[in-house]
Amino acid sequence: AMLRATLVQCDLFYPSVDEIEALTGLAAADDIVRWSLDQGARAVALKLGAKGSPVSSGSGVEDVLPHRAQPVDATGAGDCYAGTMLARLAVGAALAQAARAANIAAALSTQGHGAVRRCRAGRTYAHACGSAPARRMAIQCAFSRFTLRP
């Protein structure tokens with residue numbers, strides 16, 4: 001009951017598959033996304049680590065591909081995912097586009113030890129984002145502060 005009361009207040013719910021499996025027993029990504037929406041979340045981005053990130057805002061599920069990396073330490077990867085997701089949404093990216101950028105940033109954040117030192121990989125992140133406009137936006141997201149106004 002408490003989880004449902006929380007999810008109806010949630011604009012974006014981005015749990016990991018492990019968290020939801022522990023809470024609900026659900027393990028299949030599509031089932032977890034549907035359950036989250038049924039509980040009242042307005043949008044869902046499910047973190048599957050190296051398997052990507054299915055997203056939905058109620059009209060079907062879009063599978064967002066992972067970014068290939070050679071992980072060393074996953075400490076802070078979920079926080080990196082969340083921060084990148086919110087930064088991209090704040091500048092107008094669609095949910096799937098924001099999830100793709102978040103997958104890239106989280107994957108790159110696993111390629112060294114510790115959570116803080118790896119956050120300085122802006123150029124690598126920008127290169128992984130593809131086109132020149134995407135790279136410029138990636139650098140802005142990685143190094144700028146955003147002021148959200150109502």
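Sequence order as written defines the numbering, with residues in each chain counted from 1. Local features are withheld for residues below a pLDDT of 70 in this predicted model, meaning they are given only at 70 or higher, and side-chain atom pairs are given and counted only at 80 or more; totals for whole chains, interfaces and linings count all residues. Excluding hydrogens and water, the side-chain values take into account all heavy atoms of the structure.

This part takes up the layout of surface pockets. Its boundaries defined by the atoms lining it, the largest pocket holds a volume of some 410 Å³. Lining the largest pocket we find 19 residues, and of these Gly49, Ala50, Ala106, Ala107 and Thr110 sit closest to its centre. Think of it this way: any DSSP run of H or I at least four residues long counts as a helix, any run of E at least two long counts as a strand, and we number them from the N terminus. Those elements that provide at least two residues to the lining of the largest pocket are helix 4 (77-90) and helix 5 (95-109). Note that Gly is not counted as nonpolar here; it falls among the polar residues with everything else outside the nonpolar set of Ala, Val, Leu, Ile, Met, Phe, Trp, Tyr, Cys and Pro and the charged set of Asp, Glu, Lys and Arg. Considering only residue class, the lining of the largest pocket consists of 10 nonpolar, seven polar and two charged. Both site types are read off a 1 Å grid over the protein atoms alone. A 1.4 Å probe that fits but cannot get out defines a cavity, while an open set with protein on both sides within 12 Å along at least five of seven lines defines a pocket; lining residues have an atom within 4 Å of a point. Grid points are joined across faces, edges and corners, and a volume is the space filled by probe spheres set on the points.

Our focus in this paragraph is the sheet that holds strand 1 (residues 44-45). Note on pairing: DSSP must find at least two bridges between two strands before they are called paired. Spatial strand order, 1-2-3: three strands in an open sheet with antiparallel pairing. Of all strands in the sheet, those with a lone pairing partner are strand 1 and strand 3 (62-64), marking the two edges. In this structure, strand 2 (residues 53-56) lies alongside strand 3, joined through three bridges in antiparallel fashion. Counterpart to Ser53 in the pairing with strand 3 is Val64. Should any heavy atoms of two residues lie within 4.5 Å, those residues are considered in contact. Helix axes use the C-alpha atoms of the stretch in contact, all axes being lines fitted to C-alpha atoms, and the angles between their N-to-C directions lie in the range 0 to 180 degrees. Along the sheet, helix 3 (residues 29-38) contacts strand 1 and strand 2; its crossing angle with strand 2, the most-contacted strand, is approximately 30°.

Two aromatic rings from Phe, Tyr or Trp, using only the six-membered ring of Trp, form a pair when their centres are within 6.5 Å; if the ring planes differ by under 30 degrees the pair is stacked, by over 60 it is edge-to-face, and anything between is tilted. Under the counting rule described, the total for this entry stands at one aromatic pair. Aromatic side chains Tyr14 and Tyr81 sit 6.5 Å apart centroid to centroid with 50° between the ring planes, which places their arrangement in the tilted category. Residue Tyr14 is located in the loop between helix 1 (2-7) and helix 2 (17-24), and its partner Tyr81 is located in helix 4; the two are separated by 67 residues in the primary sequence.

In this section: a negative patch on the surface. Among the surface-exposed residues, Asp30, Asp31, Glu62 and Asp63 lie close enough to one another that they form a single negatively charged patch. Looking at the negative patch, the elements that each hand over two or more residues are helix 3 and strand 3. Along the chain, the position of Asp30 falls in helix 3. Surface patches are drawn from residues lacking salt bridges whose relative accessible area is over 30%; two like charges belong together within 9 Å, two nonpolar side chains (Val, Leu, Ile, Met, Phe, Trp, Tyr) within 5 Å. Accessibility throughout is a Shrake-Rupley quantity obtained with a 1.4 Å probe, and a residue counts as covered only by protein chains that appear here. Take a side-chain nitrogen of Lys or Arg and a carboxyl oxygen of Asp or Glu: if they are within 4 Å of each other, that pair is a salt bridge. The charge count treats Lys and Arg as positive and Asp and Glu as negative. His and the chain ends do not count. By convention, the charge on Lys lies at NZ, on Arg at CZ, on Asp at CG and on Glu at CD.

Exposed residues in this analysis have more than 50% of their type's maximum accessible area, buried residues have under 20%, and partly exposed residues fall in between, with area computed by a 1.4 Å probe over protein chains only. Burial along strand 2 is two-sided: Ser53 and Val55 facing one way and Pro54 and Ser56 facing the other are all buried. As paired elements, strand 1 and strand 2 share two bridges and run antiparallel to each other. By the bridge assignment for strand 2, Val44 is matched with Ser56.

What follows is about the confidence of the model for the protein. As a per-residue measure, pLDDT reflects the predictor's confidence and takes values from 0 up to 100. Chain-level statistics for the protein give a pLDDT mean of 79 and a share of 75% at 70 or above. Every residue in residues 118-123 scores below 50 in pLDDT, and together they form nine contacts with partners more than four places removed in sequence or on other chains. Note that pLDDT drops below 50 for residues 133-150; the model gives that stretch 21 contacts with residues more than four away or on any other chain.

What follows is about the pattern of salt bridges. Applying the stated criterion across every chain yields a total of two salt bridges. Note that Arg42 is salt-bridged to Asp11, the shortest N-O span being 3.0 Å. A residue pair is termed long-range when its members are at least 10 positions apart, and Arg42 in the loop between helix 3 and strand 1 and Asp11 in the loop between helix 1 and helix 2 qualify at 31 residues. Measuring nitrogen to oxygen at the nearest pair gives 3.8 Å for the salt bridge that ties Arg34 to Asp38. Residue Arg34 and its partner Asp38 are both found in helix 3; the two are separated by four residues, about one turn of the helix.

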